[in-house]
Amino acid sequence: MSATLDAPRTALRPARKRGVNWEKWGWIYMRVSGVVLVVLIFGHLFMNLIVGDGVSAIDFAFVGGKWADPFWQWWDVVMLWLALIHGGNGMRTLVNDYARGPRIRAALKLSILAAVAILILLGTLVVFTFEPCPVGQPADLLPSFCTA
Amino acid sequence: MWSWVLHRITGVAIFFFLLVHILDTALVRVSPEAYNAVIGTYQTPIMGLGEVALVGAIVFHAFNGLRIILIDFWSKGTRYQKVMFYVVIALWVLTMLAFTPRHLINVFSH
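Described in the following lines is the structure provided in the data block. Just so it is clear, the model here is predicted, and its values are computed rather than measured. (Residues numbered from 1 in each chain as written. Chains lettered and ligands numbered in written order. Predicted model: local features only at pLDDT ≥ 70, side-chain atom pairs only at ≥ 80, totals over all residues. Heavy atoms only, no water.)

## Focus: the pattern of salt bridges
Once the charged atoms of two side chains with opposite charge are near each other, the side chains can pair.
Piece 1. Scanning the model with the defined rule gives 3 salt bridges over all chains in all.
Piece 2. With a shortest N-O distance of 2.5 Å, Asp72(B) and Arg31(A) are connected by a salt bridge. Here Asp72(B), found in helix H3 (residues 45-73), pairs with Arg31(A), found in helix H1 (residues 22-50), and the two come from separate chains.
Piece 3. The class for Arg31(A) is buried, based on a relative accessible area of 15%. (Salt bridge = Lys/Arg side-chain N within 4 Å of Asp/Glu carboxyl O. Helix = DSSP H or I, 4+ residues; strand = E, 2+ residues; numbered from the N terminus. Buried < 20%, exposed > 50% of the residue type's maximum accessible area, 1.4 Å probe, protein only.)

## Regarding the interface of chain B and chain A
Piece 1. On the chain A side, the residues contacting the 40 residues of chain B number 44 residues.
Piece 2. Contact between chain B and chain A buries roughly 3400 Å² in total, counting both sides, with carbon and sulfur atoms accounting for 75%.
Piece 3. Considering only the surface of chain B that becomes buried against chain A, Arg8(B), Phe15(B) and Pro32(B) emerge as the three largest contributors, covering 17% of it.
Piece 4. Between the two partners, chain B and chain A, sit 2 salt bridges.
Piece 5. There are 11 residue pairs in polar contact (both at pLDDT 80 or more) connecting chain B and chain A.
Piece 6. Taken together, the elements giving at least two residues each to the side of chain B that touches chain A come down to helix H1 (2-26), helix H2 (32-41), H3 and helix H4 (81-108) of chain B.
Piece 7. Among the residues forming the side of chain B that touches chain A, the class breakdown is 25 nonpolar, 9 polar and 6 charged. (Contact = heavy atoms within 4.5 Å. Buried area = accessible area lost by both parts, 1.4 Å probe. Polar contact = N/O pair within 3.5 Å; in protein donor to acceptor, adjacent residues only side chain to side chain. Nonpolar A, V, L, I, M, F, W, Y, C, P; charged D, E, K, R; others polar.)

## Some words on the state of the cysteines
All names here are of chain A.
Piece 1. Under the definition given, this model contains 1 disulfide over all chains.
Piece 2. Each sulfur in the disulfide pair Cys133 and Cys146 lies 2.0 Å from the other. Measuring handedness by torsion sign, the sulfur bridge of Cys133 and Cys146 sits at about -85° and is left-handed. Of the two residues, Cys133 sits in the segment after helix H4 (102-129) while Cys146 sits in the segment after H4, which places them 13 residues apart along the sequence. (Disulfide = S-S within 2.5 Å.)

Geometry only, nothing functional implied.
Here's what the structure looks like:
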């Protein structure tokens, strides 16, 4: 009577032999999105924290000035999607490594998925429905081009 | 091992900041006053120091992530993984030396 132990890092369920290898594509996604995110986030930090007066210059007018340009709208939306999915998949890895019990694991992964999906939807809607010159708002809070 | 631990810790920290940052930015859709009130809290001295920590986490995660890619795809990556970790730390120090004074001047002189 000897107890048998699984080999270290034995998967909870055996890897599928057929169909799409989602873990492989997730692995590739982390690397491809990672390279793109380095460029997008370093550019974001440079524009918002280094140029001009940095963080102290950020207000509604600053954001309005940026998002009046489709270039920065798309920059931020691509960054939003890539970063949330990259971060969500990373959090999934941590749940797989550290969370015990099937119900807690499922609940945590569902929470991550919900947070990622809701924030992608919210962020995309905000960027593309943004109105830089809302009517009835004090002109001194708005981008300078609103009064032109 | 420490590169692996730091990659996880910085990753989690960045993820939770990202959740908050999307919500605060979404306030531009509510009103200019609402957005300015919340973004004003990012311009206080304490948050200014927090932003140094955040950028430090992002810069480490970025450089170490590129190191991971090189370990995976460069034929000599595993042989030089330790050297590349020291390169990551050196680049991190240089980047933070360039960023931190500039950022703290922006935070404390306004």
